[in-house]
Amino acid sequence: MRVVVTGGAGFIGSHLVERLTLRGDEVTVIDNLSSGRRENLPPGVALTEAEVADLTAIQPVLAGADLVFHLAAVASVPRSIAAPLEVHRSNGEGVLAVLEASRRARVPRLVITSSAAVYGNASGIQQEDDPIRPESFYGIDKAAGEMYLQAYCRLFGLRGLAIRPFNVYGPRQALDAVYGSVIPRFVSRLQAGLPVQIEGSGEATRDFTYVGDLVDGLLLAAVAPDAVMDGRPVNLAAGHAVSVLRLAAVLGEAAGISLPPLHGPARIGDILHSQADISRARTLLGYAPRVSLEEGLALTYRALAGA
Ligand SMILES: NC(=O)c1ccc[n+]([C@@H]2O[C@H](COP(=O)([O-])OP(=O)(O)OC[C@H]3O[C@@H](n4cnc5c(N)ncnc54)[C@H](O)[C@@H]3O)[C@@H](O)[C@H]2O)c1
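Residues numbered from 1 in each chain as written. Predicted model: local features only at pLDDT ≥ 70, side-chain atom pairs only at ≥ 80, totals over all residues. Heavy atoms only, no water.

With that settled, the discussion passes to helix α5 (residues 137-156). End to end, α5 covers 27 Å across 20 residues, agreeing with the expected 28 Å (1.5 Å per residue, within 8%). Every buried residue of α5 is accounted for by Tyr138, Gly139, Asp141, Lys142, Ala143, Gly145, Glu146, Leu149, Ala151, Tyr152 and Cys153. Glycine 157 occupies a position one or two residues after α5 and carries a positive phi of about 75 degrees. (Helix = DSSP H or I, 4+ residues; strand = E, 2+ residues; numbered from the N terminus. Expected span 1.5 Å × (residues − 1). Buried < 20%, exposed > 50% of the residue type's maximum accessible area, 1.4 Å probe, protein only.)

Below, the structure written as structure tokens:
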């Protein structure tokens, strides 16, 4: 099968590319290497270094593709707030260009990555039919991407699903990202033999999802029955709420360091609780997360800390 992965040189994309290559697919990656790296790609994978919003550049790459995964995006809420127009070019115009190129190339199936950020600051367990309330430009572009996909499915018969991942972690997650997420920040501290620094009380919860489970879900989404590929959103997560305090404790165990965490002021605008209802993914896709938090964090610590 000929598969195109946009953002394939990034964290999640490179894990997906690895799995596709292992099962024998012919994979081409479109990436501008802004946060992704060529070294993340397995040998034999073709890379087109291009802006995903550049229709002229990406159109020929999609010609003849059986399946497209669209992951390219500036995956940062703070960056979207600092530079809304620049990020919109990647995240908003990017998804539209991929949809238009897919329509022109008659790509049979498309899986795009939206985000749990479309739910905004909603409390409780997030379900796909809940009203969306994105609170950042990142979330707004992701919500727009879902709506563009639905319109392309409705108007042009494209077949696709919009995946909403929740806090994905795992090997190859950037340790040095300017807007790094909590796990790489904790790993850097533990690696240096220092206690982790928690912003706020640590009672905030997140649905931490191991990257291998997310990739399982993306691959299952690509083979969903035609009738459900109408652009609808599907949550992909572990389906459990884990507090930042528990995360710090489990990661400390993985690192063999038991120092009490330090606490700083809570970050303004951070949401308190985030947890996915994953019953749609279970029912429609047969998705079942397999990696426990303990296992996932041990694998991640070893890979990120080089331990
Ligand atoms: N990591 C998470 O927890 C998470 C959660 C929800 C959604 N997502 C989404 O999943 C996707 C992958 O995220 P990730 O965590 O692997 O991030 P990442 O930054 O590691 O990967 C994004 C990739 O897209 C590329 N890219 C960025 N802008 C581009 C552009 N304009 N043109 C071409 N390539 C471009 C980057 O170089 C990188 O390789 C993104 O769409 C992100 O929004 C991630």
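Next up on the list: the packing of aromatic side chains. Across all of its chains, the model carries 3 aromatic pairs by this definition. On the basis of an interplanar angle of 40 degrees and a centroid distance of 6.1 Å, the ring pair of tyrosine 119 and phenylalanine 166 is categorised as tilted. Taken together, the positions of tyrosine 119 in the loop between β5 (109-113) and β6 (125-126) and phenylalanine 166 in the loop between β7 (160-165) and β8 (168-169) put the pair 47 residues apart, joining distant regions of the chain. Here tyrosine 119 matches phenylalanine 166 in class, with each residue buried. For the ring pair tyrosine 169 and tyrosine 210, a centre distance of 5.6 Å and an interplane angle of 70 degrees mean the geometry is edge-to-face. Placement of tyrosine 169 in strand β8 and of tyrosine 210 in strand β11 (residues 209-210) is noted, with a sequence separation of 41 residues between them. Over the aromatic face of phenylalanine 156 sits the side chain of arginine 103, whose NZ or CZ is 4.5 Å from the ring centroid. (Phe/Tyr/Trp six-rings, centres within 6.5 Å; stacked < 30°, edge-to-face > 60°. Lys NZ or Arg CZ within 6 Å of the ring centre and 35° of its normal.)

Looking at the ligand, there are 27 residues lining it, with Phe11, Asp31, Ser35, Ser90 and Tyr138 nearest. One nitrogen or oxygen atom from the main chain of asparagine 32 is found 3.1 Å from a nitrogen atom belonging to the ligand. Take lysine 142: an N or O atom from its side chain is 2.8 Å from an oxygen atom of the ligand. Relative to its free-state accessible area of 820 Å², the ligand is covered by the protein chains to the extent of 91%. When contributions to the shell around the ligand are tallied by element, the ones reaching two or more residues are α1 (11-22) and α5. A breakdown of the residues in the shell around the ligand according to their chemical character gives 13 nonpolar, 11 polar and 3 charged. (Near = heavy atom within 4 Å. Polar contact = N/O pair within 3.5 Å; in protein donor to acceptor, adjacent residues only side chain to side chain. Areas by Shrake-Rupley, 256 points an atom, 1.4 Å probe, with all protein chains shown as cover. Nonpolar A, V, L, I, M, F, W, Y, C, P; charged D, E, K, R; others polar.)

Structurally, valine 242 is set in strand β13 (residues 242-243). A residue is classified by how much of its surface remains accessible, and valine 242, at 7% relative accessible area, is buried. In this structure, the C-alpha to C-alpha distance between valine 242 and arginine 206, residues 36 residues apart in sequence, is 5.5 Å. Apart from residues lying up to four places away in sequence, valine 242 is in contact with Ala204, Thr205, Arg206, Phe208, Leu247 and Leu293. (Contact = heavy atoms within 4.5 Å.)

For the rest of this paragraph, the subject is helix α8 (residues 244-255). An α-helical turn contains 3.6 residues, so any two residues separated by three or four positions project in the same direction. Under the 1.5 Å per step criterion, the end-to-end length of α8 is 16 Å for 12 residues, consistent within 8% with the ideal 16 Å. Of all the residues in α8, the buried ones are Val244, Leu247, Ala248, Val250, Leu251, Gly252 and Ala255. Contacts made by the buried residues of α8 are with α6 (182-191), β9 (197-199), β13 and α10 (293-305). Note on α8: the residue one or two positions beyond its end, glycine 256, has a positive phi of about 70 degrees.

What follows concerns the sheet that holds β5. Pairing is parallel in the open sheet, where 7 strands are placed in the order β3-β2-β1-β4-β5-β7-β12. The open sheet has two free edges, formed respectively by β3 (46-49) and β12 (230-236), since each of these has just one partner strand. Mean inter-strand twist for the sheet, computed between neighbouring axes without regard to direction, equals 20 degrees. With 5 bridges joining them, strand β1 (residues 2-6) and strand β2 (residues 26-31) adopt parallel strand pairing. Note that in β2 the partner of threonine 6 across the bridge is isoleucine 30. This element, α1, spans β1, β2 and β4 (67-70) of the sheet and lies at about 170 degrees to β1. Contacts between helix α2 (residues 55-62) and the sheet are confined to β1, β2, β3 and β4, with β2 contributing the most and set at about 175 degrees to the helix. (Pairing = 2+ DSSP bridges. Axes fitted to C-alpha atoms, helices over the stretch in contact; angles between N-to-C directions.)

This next bit is on the domain arrangement of the chain. Partitioning the chain into structural domains gives domain 1 (2-167 + 209-236) and domain 2 (170-207 + 240-274 + 291-305). Taking the mean C-alpha position of each, domain 1 and domain 2 sit 26 Å from one another. Listed per partner, the contact involves 19 residues of domain 1 and 16 residues of domain 2. When domain 1 packs against domain 2, the two sides together hide about 1500 Å² of surface, and 51% of this comes from carbon and sulfur. Considering only the surface of domain 1 that becomes buried against domain 2, Phe11, Asn167 and Tyr210 emerge as the three largest contributors, covering 36% of it. Glutamate 18 is paired through a salt bridge with arginine 172; the nearest N and O atoms lie 3.4 Å apart. Counting every contact that joins domain 1 to domain 2 gives 5 residue pairs in polar contact (both at pLDDT 80 or more). Of all the secondary-structure elements, those providing two or more residues to the side of domain 1 that touches domain 2 are α1, α3 (77-82), β11 and α7 (211-221). No other element matches α1, which puts 4 residues into the side of domain 1 that touches domain 2. Among the residues making up the side of domain 1 that touches domain 2, the classes are represented as 6 nonpolar, 9 polar and 4 charged. (Domains from an automatic or database assignment. Buried area = accessible area lost by both parts, 1.4 Å probe. Salt bridge = Lys/Arg side-chain N within 4 Å of Asp/Glu carboxyl O.)

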